[in-house]
Amino acid sequence: MSHNPQVRPPGPARRPRRLRGTAAIRDLVRENELRECDLILPLFVSEKIAEPRAVDAMPGIWQQTLDGVRREAEEAWKGGVRSVLIFGIPREKDERASQAYAEEGIVQRAVRALKADLPELLVITDVCLCEYMSHGHCGIVKHEGGHAHVLNDESVELLAATAVSHARAGADIVAPSDMMDGRVRAIREALDGAGLQQTVIMSYAAKFCSAYYGPFREAAESAPAFGDRRTYQMDCANGEEAMREVELDIAEGADIVMVKPGLPYLDIVWRVKERFGMPTAVYNVSGEYAMVKAAAANGWIDERSVVMETMTAFKRAGADLIITYWAREVLGWMRG
């Protein structure tokens, strides 16, 4: 049978490319959208410095004085940032992290100042002990038989005291990041007992022991002086354990649950959102930030494109909230 060039074979039954043909059509059918209110900006405030100090491993990120963090927050607010996460670096550290829960601690003073300057700014505080401990661990350490043990229940008492002190200073949300067992229940009970029932708990519910935290430990001056954090932070291989940790935190009273780090754990973000349906945060951590910054500085990638793709990936995985050092830049890019 002769071939007739005028007769074309039937085309594809479906043509998905039709919905990619123009920017307007792509916008019309986009499944996930990043919103300005999704973004949370971490800020570092230190008692040890007299002027801002750059964090070498995190270009564009600074340790600030109290006055400096007020200025940085105000500039961020003008740029559209509506939520910040505060980390403090005290002048003095000890083996009971006493500055973590001191009424005049650096975080407590920063919270009061920020709420006075910007009453509508949502202020979240990191509740942990590592920045305040002389040894850099997230709890009280007992040395026994040549081993260092991080004590759980004794540490939880200090974490609860820290959370109450932050809430009394005006924090809207307290975010325990220590991974001690039972700390969410203890914090909720302590807050309620202090008449702070409206203070929200955002738990670092699935926080993995990760090499991606390296640059942060320079920013927060929180590297452990000995050992590591594998006895309390989670093994990166364990997904089901992450589900159990999240379930426990919800049962204990967490209002928002977090997965940390972000990009290497998108499967965990997805599973948490699918299984529990809770408000879910993800932390786009310092190592993720530093790698993109380094590659962009070498001209290997386009920073804006990579960052916006990353933010979209977090949303697609199920994250409602994104803690990111790029919050200001992302807001600027979103506004054109």
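As a starting point, this report considers the structure included with it. Treat the numbers as computed from the prediction; the structure is a model and nothing was measured.

Quick notes on the rules
Residues numbered from 1 in each chain as written. Predicted model: local features only at pLDDT ≥ 70, side-chain atom pairs only at ≥ 80, totals over all residues. Heavy atoms only, no water. Salt bridge = Lys/Arg side-chain N within 4 Å of Asp/Glu carboxyl O. Buried < 20%, exposed > 50% of the residue type's maximum accessible area, 1.4 Å probe, protein only. Helix = DSSP H or I, 4+ residues; strand = E, 2+ residues; numbered from the N terminus. Patch = residues over 30% accessible without salt bridge, like charges linked within 9 Å, V, L, I, M, F, W, Y side chains within 5 Å. Areas by Shrake-Rupley, 256 points an atom, 1.4 Å probe, with all protein chains shown as cover. Disulfide = S-S within 2.5 Å. Polar contact = N/O pair within 3.5 Å; in protein donor to acceptor, adjacent residues only side chain to side chain. Contact = heavy atoms within 4.5 Å. Core = buried A, V, L, I, M, F, W, Y, C linked by side-chain atoms within 4.5 Å. Phe/Tyr/Trp six-rings, centres within 6.5 Å; stacked < 30°, edge-to-face > 60°. Lys NZ or Arg CZ within 6 Å of the ring centre and 35° of its normal.

Overview of the pattern of salt bridges
So, step 1. Enumeration according to the criterion identifies 20 salt bridges in this entry.
So, step 2. The salt bridge involving Arg-112 is made with Glu-104; its shortest N-O contact spans 3.1 Å.
So, step 3. When its relative accessible area of 31% is taken as the criterion, Arg-112 is described as partly exposed.
So, step 4. Of the charged contacts, one joins Asp-192 and Arg-188 as a salt bridge, the two residues approaching to 3.1 Å between their closest N and O atoms. Taken together, the residues span about one helical turn, with Asp-192 and Arg-188 both in helix 5 (residues 183–193) at a distance of four residues.
So, step 5. Of the residues examined, Arg-188 reaches a relative accessible area of 13% and is grouped as buried.
So, step 6. Counted as one network, the salt bridges with shared partners bring together Arg-35, Asp-38 and Lys-315.

Observations regarding a nonpolar patch on the surface
So, step 1. There is a patch of nonpolar side chains on the surface, built from Leu-19, Leu-28 and Val-29 and spanning about 310 Å² of accessible area.
So, step 2. As for its position among the elements, Leu-19 is in the segment before helix 1 (23–29).

Things to note about the state of the cysteines
So, step 1. Considering all chains together, one arrives at zero disulfides under this definition.
So, step 2. Here Cys-209 stays unpaired: no disulfide links it, and the sulfur of Cys-236, its closest cysteine neighbor, is 8.5 Å away.

Focus on the side chain of His-135
So, step 1. Here His-135 is to be found in the loop between strand 5 (122–127) and strand 6 (141–144).
So, step 2. Engagement of the side chain of His-135 in a polar contact is seen with the backbone nitrogen of His-137, the distance being 3.1 Å.
So, step 3. In this structure His-135 touches Val-141, Ala-223, Pro-224, Ala-225 and Phe-226, once residues within four positions along its chain are discounted.

A look at the nonpolar core
So, step 1. The biggest cluster of nonpolar side chains holds 102 residues, and the ones touching the most others in it are Phe-44, Val-84, Met-202, Ile-268, Tyr-283 and Met-311.
So, step 2. It is helix 4 (residues 152–169) that contributes the most residues to this core, eight residues altogether.
So, step 3. Contacts of Met-311, omitting those with residues within four sequence positions, involve Leu-34, Leu-39, Asn-284, Ile-322, Thr-324, Trp-326 and Val-330.

Section: the packing of aromatic side chains
So, step 1. Tallied over the entire structure, the rule returns nine aromatic pairs.
So, step 2. When the centroid spacing of 5.7 Å and the interplanar angle of 55° are considered together, the rings of Phe-44 and Phe-216 count as tilted. Of this pair, Phe-44 sits in strand 1 (residues 39–46) while Phe-216 sits in helix 6 (residues 214–220); the two residues are 172 residues apart in sequence, bridging distant segments of the chain. Here Phe-44 matches Phe-216 in class, with each residue buried.
So, step 3. Feature note: the residues Phe-44, Phe-87, Tyr-204, Phe-216, Tyr-283, Tyr-289, Tyr-325 and Trp-326 constitute an aromatic cluster, connected by ring pairs.
So, step 4. In this structure, Lys-207 is placed above the aromatic ring of Tyr-213, and the distance from its NZ or CZ to the ring centre is 5.9 Å.

It is worth stressing that arrangement in space is one thing and function is another; only the former is reported here.
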